[in-house]
Structures are given as structure tokens and as C-alpha cells.
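Coordinates in review
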Amino acid sequence: MIGLSTPASWAILALASFAQTDRRVLARDLAASLGAPLPYLSQVLHRLSVAGLVDAKRGQGGGFTLAVPAENLTVATVVDMIEGTDWLSGCLLGSAECSDARACPTHAFWKAERGRIRKALQRLTIRTVADFEIGQGRGFMFPTTVAPPRKDRRRPVRGSDHAK
């Protein structure tokens, strides 16, 4: 079956999720929203961070946000970053030696379709994906409350001013 890999799909949906909010999103909340295993999704988020597509912050108030405007980020850019730029280059029938010089029966068709697919993904932005998901009633749901800060659990030292 022709389609994007799971990591590429999660990357696109993660970026579209970030485009739907102006606050940082925790990886665990995103994983729950997407139905993705957290360790696997964390690897995808790390790759997006290294590529400069998301901003990652650790600790209190941490999480992920978009590092680039969603309307300026194309699906083609994301897929190329996850899969490499030659992800569409293989033979449709799986032949190892398919080329213009040694074509398979679907070579001319697939060569033309690869070009159309690439152009379509270069026009499709993360903003468009986010808006589509919202329009379909599949907007991403994140917790609306922020966990309260932890209380200081340190015990006062006897004989110090802190114990009074």
C-alpha cells in the first residue's frame, strides 16, 4: 500500500496539533491525543526539534511548540525531514532496477504521479492540515488545566530560622 510512514504521519499530526494552541504541549498529552506510544512519539518529536521545526523546553512550564509558522511549513518539508528526500523514488512494483533505461510496466505512470504528489505536498501546509482536522471535528484535545506546582517537600533544619 502506498502511503506515508507512521513516523511521518505522527510528525504531521503533531505539528498540526501544535498549530492549534498557543501554549506548550506535553509529549504525554500529545501521545494520548494521537493514540501513539509515548516512547516512539518522543523520538519523532526529538527529530522535529533537532530539525528546528519545534521548540522543546524541559522542566516546569515545558513542552513543545511550533518553531515556524504553520502556514509557512509544508507537509513535503516534514516528510522529507523524516523520510529523506528520495522517499518517493522507488519503483511502484518494487523492482530494484526500475529506471528510464530499464522500465517496469508502471514506470511512466509512477514517474508522473510522483511529480504530482510532490507538488501537492509542497502546497499543503501544516495550517491547512490543522484547519482540516478542526473542520472534521477531530481537533486535538489537550488538558485545559495545568497541574499545580509541587509543594516544597524539604523538611526544615532543626535549629535554623526555617524551623520557626
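It should be noted that the structure appears before, not after, this text.
Residues numbered from 1 in each chain as written. Predicted model: local features only at pLDDT ≥ 70, side-chain atom pairs only at ≥ 80, totals over all residues. Heavy atoms only, no water.

**A look at the pairing of strand 2 (residues 63-66)**
Under the convention used in this document: Pairing between strands requires that DSSP locate at least two bridges from one strand to the other. The helix and strand labels rest on DSSP assignments: H or I over at least four residues marks a helix, E over at least two residues marks a strand, and numbering proceeds from the N terminus.
Across four bridges, the pairing between strand 1 (residues 54-57) and strand 2 is antiparallel. Bridge pairing in strand 2 links Ala-56 to Phe-64. Taking the residues between adjacent antiparallel strands as the criterion, strand 1 and strand 2 are bridged by five residues, where Gly-59 takes a positive phi near 85°.

**Side note on the nonpolar core**
As a rule of thumb, nonpolar side chains are buried together in soluble globular proteins. Filter applied, for reference: Definition used in this section: a nonpolar core is a set of buried Ala, Val, Leu, Ile, Met, Phe, Trp, Tyr and Cys residues joined via side-chain atoms within 4.5 Å. Buried means the residue's accessible area, taken with a 1.4 Å probe over protein chains only, is under 20% of the maximum for its type, while exposed means over 50%, and partly exposed covers the values in between. Pairs of residues are marked as contacts when any of their non-hydrogen atoms sit within 4.5 Å.
Leu-15, Phe-18, Leu-45 and Ile-126 are the most contacted members of the largest nonpolar core, which has 34 residues in total. Every element with two or more residues in this core is listed here: helix 1 (6-18), helix 2 (27-34), helix 3 (38-50), helix 4 (75-83) and helix 6 (126-135). In terms of residues, this core owes the most to one element, helix 1, which gives eight residues. Beyond its immediate chain neighbours, meaning those up to four positions away, Leu-15 contacts Leu-48, Leu-53, Val-54, Leu-66, Leu-73, Val-78 and Ile-126.

**With respect to helix 4**
Under the convention used in this document: Relevant arc is that of directions from the helix axis to the C-beta atoms, nothing else.
All of the buried residues in helix 4 are Val-75, Ala-76, Val-78, Val-79 and Ile-82. Angular distribution of buried residues about the axis of helix 4 spans 160°; they occupy a single face of the element. For helix 4, the secondary structure elements touched by its buried residues are helix 1, helix 3, helix 5 (107-123) and helix 6. Immediately downstream of helix 4, the backbone of Gly-84 shows phi near 95°, a positive value.

**Regarding the side chain of Glu-133**
On the secondary structure map, Glu-133 appears in helix 6. The exposure class assigned to Glu-133 is buried, which follows from its relative accessible area of 12%.

**With respect to the packing of aromatic side chains**
Any two aromatic rings considered together are summarised by their centre-to-centre distance and by the angle between their planes. Here is the rule we go by: Here is the rule: rings of Phe, Tyr and Trp (six-membered ring for Trp) pair when centre to centre is within 6.5 Å. Planes less than 30 degrees apart are stacked, more than 60 are edge-to-face, and the remainder are tilted.
Overall, the coordinates contain two aromatic pairs when judged by the stated rule. A centroid spacing of 5.1 Å and a plane angle of 80° characterise the contact between Trp-10 and Tyr-40, whose relative ring orientation is edge-to-face. Of this pair, Trp-10 sits in helix 1 while Tyr-40 sits in helix 3; the two residues are 30 residues apart in sequence, bridging distant segments of the chain. Given the relative accessible area of 35%, Tyr-40 is considered partly exposed. Pairing Phe-18 with Phe-64 gives two aromatic rings, centres 6.2 Å apart and planes at 15°, and the pair type is stacked. Taken as a pair, Phe-18 in helix 1 and Phe-64 in strand 2 lie far apart in primary sequence, 46 residues in all. When sorted by exposure, Phe-18 lands in the same class as Phe-64, which is buried.

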